[in-house]
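An overview of the molecular structure
Each chain, letter by letter, is given below.
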Amino acid sequence: MRYKHIAVLLVLLLAALPLGAQVWQVYDNFNSDHINPALWVSKWGVCENALDCERQTRIGWLQLRMRGYGLNITDPNDPRLNQQNWALNNLDVADPAGIVGIGATLVVTRDSGSPTMGYQLGQFVLRATFFSGVSQPQENRDVEANISVGGGGGNNQLSVGALVNKMGPQLETLGSADLGTVHVGEPITIWLRWDKAGHRFLYGLQRLLPNQTVVKEISYNTSDAFFPPLYPYRSVQLQTSPPNLLGSQSFSDWAVTITRVIVLR
């Protein structure tokens, strides 16, 4: 009964999404007993650092879950302390060409971990690259837009934020925006889209209870006129990142239920 109740809320939430004159389309509503290979591909070393990992459809739902652990290191000179023990559970749109926006309707169903304060232990992220930020296409300087729902575990509160990054040997952040907070178990829709004419990215958060829509924009000054991205993708991701701590072992246990993914062409 709980899932049926959430399903009704999510349908209403998608209907309330402020799309204006844009034509958003339902890309996948996961109404099969398997992930559709015509729509999705999986890559980037899925779940490589997570001990427990789940990704499956449940007739109308896509369930992603991971539980991973940080390293228990006591030697302060151990070079592994400089590593972030993160794991990734992702699906990429099979053919991203022509897609200028992506969104997802979802519920974060689990946000637990230790330590509970001071670290973002997990997050659900939409990521997309739209153009290369340099004039030489052999360099990976792709400009990536992303919107995330993240938390530190244990307090039932999640933060929604947006970033624009330029890839490279040193990751460069071109802009960021805060879209507010939501709660574990709350149905929401998040989305991002590229406004090439306006040299900006737009990000949205739609909440049903309370009925609230937040839209933020991040402008960029780097040129988008040279080349398409070296690595084009429109990606739906669950990430966990328990830190490596001296004398104790951290963990992160995150789960998200996605009812549909929408795209803008």
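Because the structure is predicted, anything quoted here is derived from the model rather than measured.

Here we take up the sheet that holds strand E8 (residues 122-132). Strands sit in the order E2-E6-E15-E8-E9-E10-E11 across an open sheet of seven strands; the sheet is antiparallel. In the strand order of this sheet, the two ends are held by strand E2 (40-41) and strand E11 (172-183), each with one partner. When E2 meets strand E6 (residues 87-93), the two strands line up antiparallel, connected through two bridges. The residue of E6 that forms the bridge with Val-41 is Asp-92.

A cluster of nonpolar side chains, Trp-44, Leu-230 and Tyr-231, forms an exposed patch at the surface whose accessible area comes to about 300 Å². With respect to the helices and strands, the residue Leu-230 is situated in the loop between strand E14 (212-219) and strand E15 (234-240).

Moving on to the nonpolar core. By size, the foremost hydrophobic cluster in this structure holds 50 residues, and its most contacted members are Ile-190, Phe-201, Tyr-203 and Ile-258. Core analysis: the second largest hydrophobic core is formed by five residues, Trp-191, Leu-202, Ile-262 and Leu-264 among them.

All right, on to the packing of aromatic side chains then. The full count for this structure, using the stated rule, is 10 aromatic pairs. Judged by centre distance (5.3 Å) and plane angle (85°), the rings of Tyr-27 and Trp-40 are edge-to-face. With Tyr-27 in strand E1 (residues 24-28) and Trp-40 in strand E2, the pair connects residues that are 13 residues apart, well separated along the chain. An identical accessibility class is assigned to Tyr-27 and Trp-40; each is buried. Ring pairing ties together the aromatic residues Phe-130, Phe-131, Trp-194, Phe-201 and Tyr-220, which thus form one cluster.

What follows concerns the pairing of strand E12 (residues 188-195). Most of E12 is tucked away, with eight of its eight residues classed as buried. Alternating residues of E12 divide into Ile-188, Ile-190, Leu-192 and Trp-194 and Thr-189, Trp-191, Arg-193 and Asp-195, and every residue in both groups is buried. Two elements, strand E7 (residues 101-114) and E12, share six bridges in a ladder whose sense is antiparallel. Bridged to Gly-103 within E12 is Trp-191. Bridging between E12 and strand E13 (residues 200-207) involves eight bridges; their strand directions are antiparallel. Bridge pairing links Asp-195 to Arg-200 in E13. Counting the residues in the hairpin turn of E12 and E13 gives four residues, including His-199, whose phi is positive at 50°.

All chains considered together, the criterion is met by one disulfide. Each sulfur of the disulfide joining Cys-47 and Cys-53 lies 1.8 Å from the other. Judged by relative accessible area, Cys-47 falls into the buried class, the value being 12%. Its relative accessible area of 37% is what places Cys-53 among the partly exposed residues.

Another point: the pattern of salt bridges. Oppositely charged side chains can pair when the atoms bearing their charge come close. Scanning all chains against the criterion turns up nine salt bridges. Among the ionic pairs, Asp-253 bridges to Arg-67, the shortest N-O distance being 3.1 Å. Here Asp-253, found in strand E17 (residues 251-264), pairs with Arg-67, found in strand E4 (residues 62-69); they are 186 residues apart in sequence, far enough to count as distant. The exposure class of Asp-253 is buried, given its relative accessible area of 2%. Its salt-bridge partner being Arg-200, residue Glu-217 comes within 2.7 Å of it at the nearest N-O pair. You can see Glu-217 sitting in strand E14 and its partner Arg-200 sitting in strand E13, a full 17 residues away along the chain. Given a relative accessible area of 44%, Glu-217 falls into the partly exposed group. The exposure class assigned to Arg-200 is partly exposed, which follows from its relative accessible area of 23%. Each of the salt bridges in this network shares a partner with another, and the network as a whole consists of Arg-65, Arg-67, Arg-110 and Asp-253.

Reading guide: rules and limits
Residues numbered from 1 in each chain as written. Predicted model: local features only at pLDDT ≥ 70, side-chain atom pairs only at ≥ 80, totals over all residues. Heavy atoms only, no water. Pairing = 2+ DSSP bridges. Helix = DSSP H or I, 4+ residues; strand = E, 2+ residues; numbered from the N terminus. Patch = residues over 30% accessible without salt bridge, like charges linked within 9 Å, V, L, I, M, F, W, Y side chains within 5 Å. Areas by Shrake-Rupley, 256 points an atom, 1.4 Å probe, with all protein chains shown as cover. Salt bridge = Lys/Arg side-chain N within 4 Å of Asp/Glu carboxyl O. Core = buried A, V, L, I, M, F, W, Y, C linked by side-chain atoms within 4.5 Å. Buried < 20%, exposed > 50% of the residue type's maximum accessible area, 1.4 Å probe, protein only. Phe/Tyr/Trp six-rings, centres within 6.5 Å; stacked < 30°, edge-to-face > 60°. Disulfide = S-S within 2.5 Å.

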